[in-house]
Each structure stands twice: as structure tokens, then as C-alpha cells.
Amino acid sequence: MSILGLFLLLAAVNVFEDPLFSFGTPRIGHLNADKPRFSLYVRWAKAFVVRRVDPEHVVAGSSRVELGFRPGHPHHAGTRWYNLGLSGATFYETKRYLDHAMGQGALKEALVGLDFFMFHDATHHEPGYDDAILEPEAEPWDTVALALSSTLLGLSVDTLARQGQEPTYDPESGCGLGTNERKAEARGQRGLFLGAIRKAAARLLRPPAGEGTVSQAELWAQYDAMLEAAHRHGVRMILFLPPAHAWMTQMYREMGLWGEVEAWKRALVAHNEAVAARLGRPPFALWDFTGYGPLVGEPVPLAGDTTTRMRWYYEASHFRSDVGMFVQDRVFGTPGTGLPEGFGVLLTSGTIETHLAQDAAARRRWEDARPEELAALREAIAAARHAAEHPATPETSAPN
């Protein structure tokens with residue numbers, strides 16, 4: 001076979017198996033329907049899917065968005081919708097994937113989840129991120145280069161070998177499916193909550209990243225640039241603070257960070273309104289779904305209970321897709337949906353201080369009503385502190 005023939009065969013295999021769903025090849029059962037490696041290369045995969053799909057509506061943010069928002073909301077009926085959520089997403093990554101979506105030309109609306117951790121000791125990006133495949137750096141021949149990639153060939157062979165495995169991602173919509181149900185069967189939801197708190201607290205306790213850390217001035221400049229780009233492209237941007245469980249909100253207070261959280265919320269409001277005023281536009285809607293209300297404060301099953309399942313949450317950080325639907329019902333004004341009362345508060349310079357005061361009062365009521373949960377939460381934070389102060393060291397190898 002000629003060298004040209006080998007290249008054509010390589011491209012044919014990669015395009016048919018389409019392990020990252022980059023080419024949109026029809027999915028055939030037992031041959032290429034499942035994409036088991038999509039989640040491992042999700043930052044690359046979503047960049048190419050967005051170029052192909054050119055979505056009209058997107059939701060962007062961290063894994064809370066990735067797992068908590070599914071297709072099917074009536075607001076998006078008949079449109080091209082895609083989930084741009086990324087596990088561990090930094091703010092810079094969220095902004096750049098939105099730039100990429102806007103650069104395709106069809107984007108009309110973006111629902112953007114903003115998490116405190118994105119602005120706390122933030123870094124530019126996580127492993128697997130590549131600016132070169134995102135607009136405006138992306139090149140038309142990137143897709144051809146991908147088809148001829150030997151790395152993609154390895155993923156293609158692996159994709160064929162792994163057909164029939166339990167999916168953890170839906171490449172069509174960009175939604176993560178996760179493995180939380182299986183984990184809950186083994187550990188119970190209390191175990192998942194404690195693990196999520198220990199993980200989040202450890203992240204907050206780790207030393208500053210140093211090289212690659214983004215300054216606060218740079219972060220807020222990026223935030224302003226994201227808002228300005230949406231205004232200039234005529235994209236309706238809706239900002240929201242995802243509804244992590246009350247345990248996650250309380251963790252910030254227990255770790256002495258609540259003042260920073262409040263300052264962050266005030267700054268989100270102030271920058272949103274300042275950018276809009278400078279451009280002569282109304283500010284984008286900014287919604288806060290965090291707090292201590294009935295939904296986000298759903299009781300957590302006791303330790304050892306591996307059968308009870310929470311209605312709204314997998315664990316302290318991640319909510320079920322029904323909650324994501326409620327978020328959209330609120331921000332899009334969808335009528336007749338059984339939306340929980342008080343779920344979601346619109347933040348403006350005129351409402352922020354009242355909201356923070358009401359949140360503090362709700363927190364005190366939650367603390368009084370949930371002493372057992374509060375004690376468990378504090379124990380998880382203490383465990384994370386102990387691990388940070390006494391890091392495990394590898395055992396010294398015995399001499400031969």
C-alpha cells in the first residue's frame with residue numbers, strides 16, 4: 001500500500017470510529033456508538049464538537065454544570081443546544097470556550113455558571129487544555145490534522161474494543177453522566193458528602209499554585225472581557241451561581257472564607273453593572289442559587305445508610321439534573337413547573353446587601369436545625385486540615 005493509501009486508511013478509521021465525536025459520524029451499535037474515551041479528552045472533544053455543531057444556546061461552567069444540566073428544557077426546543085461544562089474548569093477556560101462558541105457565529109444565548117473556587121487562588125487552566133484549538137487561534141485544517149492523528153488512531157482502536165461499557169458521557173449533548181449512583185450504593189450518600197467536603201477543603205488548604213496562578217486583577221479583567229464580548233456579539237448572557245448543597249456553602253464559613261465569598265458576590269454584581277454602563281447596555285441577569293433554602297438544604301442521610309437516596313443531590317457539590325431544570329425554569333421564567341419557593345435570587349446593586357443579610361439569617365436557622373450534619377461537616381474539614389498539615393510520605397524502600 002502506498003503512503004497516500006496508508007494516510008487515507010488512517011483517516012477512514014479515525015473518522016468512522018470518531019472517538020471524540022469530532023466528525024459527527026453516525027453512531028452504529030457495537031461498532032462506534034459508545035465513546036468511552038470522550039470524558040478523558042473532554043477539553044479537546046468539546047472544542048471540535050462546537051466547531052461542527054455551531055450551537056445557538058450553551059451552558060458553561062464547572063462539573064456542576066457538566067453533570068447538572070441535560071437537554072430537553074422547553075426554552076431550547078428546536079434549537080442547537082450544547083453543554084460546555086468542564087470538570088474542574090477554571091474561569092479562564094470557561095471564558096475561552098465561550099469565546100470559541102461565539103466565534104462560530106450562531107450563538108444567541110449563554111447560561112454561565114460561576115463558582116467561588118474559580119476566583120480563589122485560580123490558575124489559567126487544567127491539564128488537557130489547549131488554546132490553539134479554540135477561536136481565534138483555531139485553524140481550518142485542525143480537523144484534517146485530527147483525522148490523520150496517530151494519537152486519535154489509538155483512541156479509535158480503544159473505542160472499538162470498549163463498545164458496550166457503561167457510558168459516563170453523552171457526546172451528543174456534552175453532558176456528563178457520572179458514576180455517582182454506583183458510588184452511593186457502596187458508600188451511601190453521607191459518605192459521598194463527606195468525601196466531597198474533604199476534597200473541596202483540601203483544595204482550599206493547598207499552598208498557592210505559584211507559577212500559573214492568575215492575579216485577582218487579571219481574573220476580574222477576564223470577567224469584564226467575557227461580559228463585553230457577549231454584549232458586542234449580541235449574545236444574551238445569563239450568569240448564575242450554581243446550587244451547590246448547603247454543606248458546601250457552610251464549608252466556606254467554617255474555613256473562615258465567608259467574608260471573601262460575600263466580597264466575591266458584590267464584585268460580580270459591580271463589574272457586571274459597570275461593564276454594561278460603559279457600553280450603554282442593560283446588565284446581564286445574575287442569579288444566586290446558593291444558600292440554605294429547602295432545596296439546597298435537603299437533609300443528608302445518616303452515616304451507614306446506603307439505601308436512602310436524596311431527591312436533589314448526588315453529593316455536596318453536584319446536584320441532579322432536575323435541579324438544573326429548576327435553574328432554567330427560574331432564569332427563563334418557565335410557567336407551571338412546580339419551582340420551589342424562594343429558589344434563586346436576582347443579584348443587583350439594589351438587592352445584594354438585603355440578600356446577604358437574609359442568607360446569614362437562613363444560615364443561623366440551618367445551624368440550629370441541623371446540629372448532627374454540622375458536626376459531621378466540621379469533622380470532614382478537620383480531617384482535611386490534618387491531612388494538609390501532615391502529608392503522607394512515601395515509605396522508604398528497604399535496602400537490597
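Here, every reference points to the structure presented above.
These numbers were taken from a predicted model, which means no experiment stands behind them.

Draft legend 1. Summary view of the side chain of H231. Relative to the elements of secondary structure, H231 occurs in helix α8 (residues 216–233). Given a relative accessible area of 7%, H231 falls into the buried group. Once residues lying within four places of it in the same chain are set aside, the contact partners of H231 are V275, A276, L279, R281, P282 and F284.

Draft legend 2. Summary view of the side chain of H318. Within the element layout of this structure, H318 appears in the loop between β7 (286–288) and α11 (321–332). One polar contact links H318 to E315, side chain to side chain, over a distance of 2.5 Å. In contact with H318, not counting residues within four places along its chain, are S63, R64, L67 and Y313.

Draft legend 3. Quick look at the packing of helix α1 (residues 3–17) against helix α6 (residues 150–161). At a minimum axis distance of 9 Å, the contact between α1 and α6 shows a crossing angle of 50°. With respect to α6, the axis of α1 lies oblique. As α1 runs across α6, the sense of the crossing is left-handed. Residues L10, V13, N14 and E17 of α1 pack against L152, L153, S156, T159 and L160 of α6. Residue composition of the contact of α1 with α6, by class: five nonpolar, three polar and one charged.

Draft legend 4. Examining the sheet that holds strand β2 (residues 81–83) more closely. Strands sit in the order β2-β1-β3-β6-β7-β8 across an open sheet of six strands; the sheet is mixed. With one partner strand each, in any of the chains shown, β2 and β8 (345–346) form the two edges of the open sheet. Bridge analysis of strand β6 (residues 236–241) against β7 gives three bridges, and the strand direction is parallel. Across the sheet, the residue bridging to L239 is L286, located in β7. The strands that α11 touches are β2, β3 (109–113), β6 and β7; relative to β6, the one it contacts most, it runs at about 130°.

Draft legend 5. Looking closely at the packing of helix α12 (residues 352–369) against helix α13 (residues 371–389). Closest axis-to-axis distance for the α12/α13 pair is 5 Å, and the angle between their directions is 95°. Considered as vectors, α12 and α13 are oriented roughly perpendicular to each other. Seen from α12, the contacting residues are W366, E367, D368 and A369; seen from α13, they are P371, E373 and L374. Partitioned by chemical class, the residues of the contact of α12 with α13 number four nonpolar, no polar and three charged.

Draft legend 6. The arrangement of helix α9 (residues 246–254) in detail. In terms of residue burial, α9 counts as a mostly covered element, since seven of its nine residues are buried. Buried residues of α9: A246, W247, M248, T249, Q250, M251 and Y252, and no others. In this structure, the buried side of α9 is in contact with α3 (63–68), α7 (180–205), α10 (258–279), α12 and α13. Looking at the residues trailing α9, positive phi occurs at G256, about 75°.

Draft legend 7. Fine view of the pattern of salt bridges. The full count for this structure, using the stated rule, is 25 salt bridges. Put simply, R51 and D142 hold a salt bridge, and the shortest N to O gap is 3.4 Å. In this pair, R51 is assigned in helix α2 (residues 42–53) and D142 in helix α5 (residues 142–147), connecting sequence segments 91 residues apart. One salt bridge in this structure joins R236 and E109, with 2.7 Å as the shortest N-O distance. Within this pair, whereas R236 is found in strand β6, its partner E109 is found in strand β3, the two being separated by 127 residues in sequence. Here E109 falls in the buried class, since its relative accessible area comes to 6%. Connected via shared salt-bridge partners are K95, R96, D99, D131 and E137.

Parameters and conventions
Residues numbered from 1 in each chain as written. Predicted model: local features only at pLDDT ≥ 70, side-chain atom pairs only at ≥ 80, totals over all residues. Heavy atoms only, no water. Helix = DSSP H or I, 4+ residues; strand = E, 2+ residues; numbered from the N terminus. Buried < 20%, exposed > 50% of the residue type's maximum accessible area, 1.4 Å probe, protein only. Contact = heavy atoms within 4.5 Å. Polar contact = N/O pair within 3.5 Å; in protein donor to acceptor, adjacent residues only side chain to side chain. Axes fitted to C-alpha atoms, helices over the stretch in contact; angles between N-to-C directions. Parallel < 35°, antiparallel > 145°, perpendicular 65-115°, else oblique. Left-handed = near helix turned anticlockwise from the far one by under 90°. Nonpolar A, V, L, I, M, F, W, Y, C, P; charged D, E, K, R; others polar. Pairing = 2+ DSSP bridges. Salt bridge = Lys/Arg side-chain N within 4 Å of Asp/Glu carboxyl O.

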